[in-house]
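Tertiary structure, described
Spelled out from the first residue to the last, the chains are:
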Amino acid sequence: MRRSRRNLDANPLTRLTGNTSIINYLQDRIGHKEAFSMGYCDQDYFKSFNDRYGFARGDEVLLMTARIIVNILRQVSADNYFVGHVGGDDFIFAMPSEFAETVCEKIIAAFDNIVPQFYDAEDRQKGGIISLDRQGVLRSFPMMAISIAVVTNHNGKLRHVGEASQIAMNLKKKAKENPKSSYVLDRRY
């Protein structure tokens, strides 16, 4: 039964667990006042890339991102981690807090090393693409980057997944201020 529920909740592209499993996992950890860090990953300039190259190549980037996250967590945190696909270009991961910075640094290094290969040679040379923005205006976009917001549950301070999500959204905005791949750590506790 558990496997069937997990399969129903899985993202159809990446096969990573989806929102219901993400919420249940995080709320269980929060409810038990466990210390952990949650990373919220968002790909910057993904929409313009997808518009320029099409959804098939965009899906390849999402699969690559999922593999990077899973492989790095497996390498750094052994069996003590969780990865989920919120949807679109957003991913969640959780692990013991002592691994958070190392995981973020490794994800960024791998992403930045691989993502240029998804661009045509001409666009790689230019360092980006020309595409429509969300207002329909043609403009220049740099190569995709990844922003990671890391929320930490030190001393069981978080009370609910919604609180973790709100903190992550605020931190993600801060990370996105940097046009290159970056991460921001929750330093409140």
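Because the structure is predicted, anything quoted here is derived from the model rather than measured.

Quick look at the overall build of the protein now. For the protein, the helix and strand inventory stands at seven helices and seven strands. Beginning at the N terminus, the succession of helices and strands in the protein can be written as α-α-β-α-α-β-β-α-α-β-β-β-α-β. With the C-alpha coordinates of the protein rotated into their principal frame, the extents come out at 50 × 40 × 35 Å. Counting every position in the protein, which comprises 189 residues, the buried fraction comes to 50%. Long-range contacts, defined as pairs at least 24 residues apart, comprise 68% of the intrachain contacts of the protein with a sequence gap of at least 6.

Between two packed helices, what matters for the description is the angle formed by their axes and the separation of those axes. Running from N to C, helix α3 (residues 46-53) and helix α4 (residues 55-77) point in directions that differ by 140°, and their axes come no closer than 7 Å. Taken together, the axis directions place α3 and α4 in an arrangement best described as oblique. Counted together, F46, F49, N50 and Y53 of α3 and F55, R57, G58, V61 and L62 of α4 form the full contact between these two elements.

Direction of pairing for strand β6 (residues 145-152) relative to strand β7 (residues 182-185): parallel, over a ladder of four bridges. Paired with S147 across the two strands is S182, which belongs to β7. Once the chain exits β6 it traverses helix α7 (residues 161-176) before rejoining the sheet at β7, and the crossover so formed is left-handed.

In this section: the environment of A164. Secondary-structure assignment places A164 in helix α7. Excluding its chain neighbours within four sequence positions, the residues that come into contact with A164 are M38, V151 and L158.

Before going further, it helps to examine the sheet that holds β7. On the basis of which strands lie adjacent, the open sheet formed by five strands has the order β2-β3-β1-β6-β7 and mixed pairing. Among the strands making up the open sheet, the edge pair consists of β2 (82-87) and β7. Strand-to-strand twist across the sheet, computed as the mean angle between neighbouring axes with direction ignored, equals 20°. Sheet strands touched by α7: β1 (37-44), β6 and β7. Its angle to β6, the strand with the most contacts, is close to 140°.

This part covers the pattern of salt bridges. Evaluated as defined, the whole model comprises twelve salt bridges. Ionic pairing is found between D42 and K172, a salt bridge with its closest N-O pair at 3.8 Å. With D42 in strand β1 and K172 in helix α7, this residue pair connects regions lying 130 residues apart in the sequence. We classify K172 as buried; its relative accessible area is 14%. The shortest N-O distance in the salt bridge between K176 and D44 comes to 2.3 Å. Of this pair, K176 sits in helix α7 while D44 sits in strand β1, and the two are 132 residues apart along the sequence.

What follows covers the side chain of D133. You can see D133 is positioned in the loop between β4 (128-132) and β5 (138-142). Although D133 is buried, it forms no salt bridge, and the closest oppositely charged side chain is R139 at an N-O distance of 4.6 Å. A distance of 2.9 Å separates a polar atom in the side chain of D133 from the backbone nitrogen of Q135. Once residues within four sequence positions are removed from consideration, D133 is found in contact with R139 and F141.

Further remarks concern α7. The first and last C-alpha atoms of α7 sit 22 Å apart over 16 residues, in line with the 22 Å expected at 1.5 Å per residue. Taken as a whole, α7 has its buried residues at V161, E163, A164, I167, A168, L171, K172 and A175. Check the buried side of α7 and you find it contacts α2 (19-31), β1, β6 and β7.

About the cut-offs
- Residues numbered from 1 in each chain as written.
- Predicted model: local features only at pLDDT ≥ 70, side-chain atom pairs only at ≥ 80, totals over all residues.
- Heavy atoms only, no water.
- Helix = DSSP H or I, 4+ residues; strand = E, 2+ residues; numbered from the N terminus.
- Buried < 20%, exposed > 50% of the residue type's maximum accessible area, 1.4 Å probe, protein only.
- Contact = heavy atoms within 4.5 Å.
- Axes fitted to C-alpha atoms, helices over the stretch in contact; angles between N-to-C directions.
- Parallel < 35°, antiparallel > 145°, perpendicular 65-115°, else oblique.
- Pairing = 2+ DSSP bridges.
- Right-handed = clockwise from strand over helix to strand, strands pointing away.
- Salt bridge = Lys/Arg side-chain N within 4 Å of Asp/Glu carboxyl O.
- Lys, Arg positive; Asp, Glu negative; His and termini not counted.
- Polar contact = N/O pair within 3.5 Å; in protein donor to acceptor, adjacent residues only side chain to side chain.
- Expected span 1.5 Å × (residues − 1).

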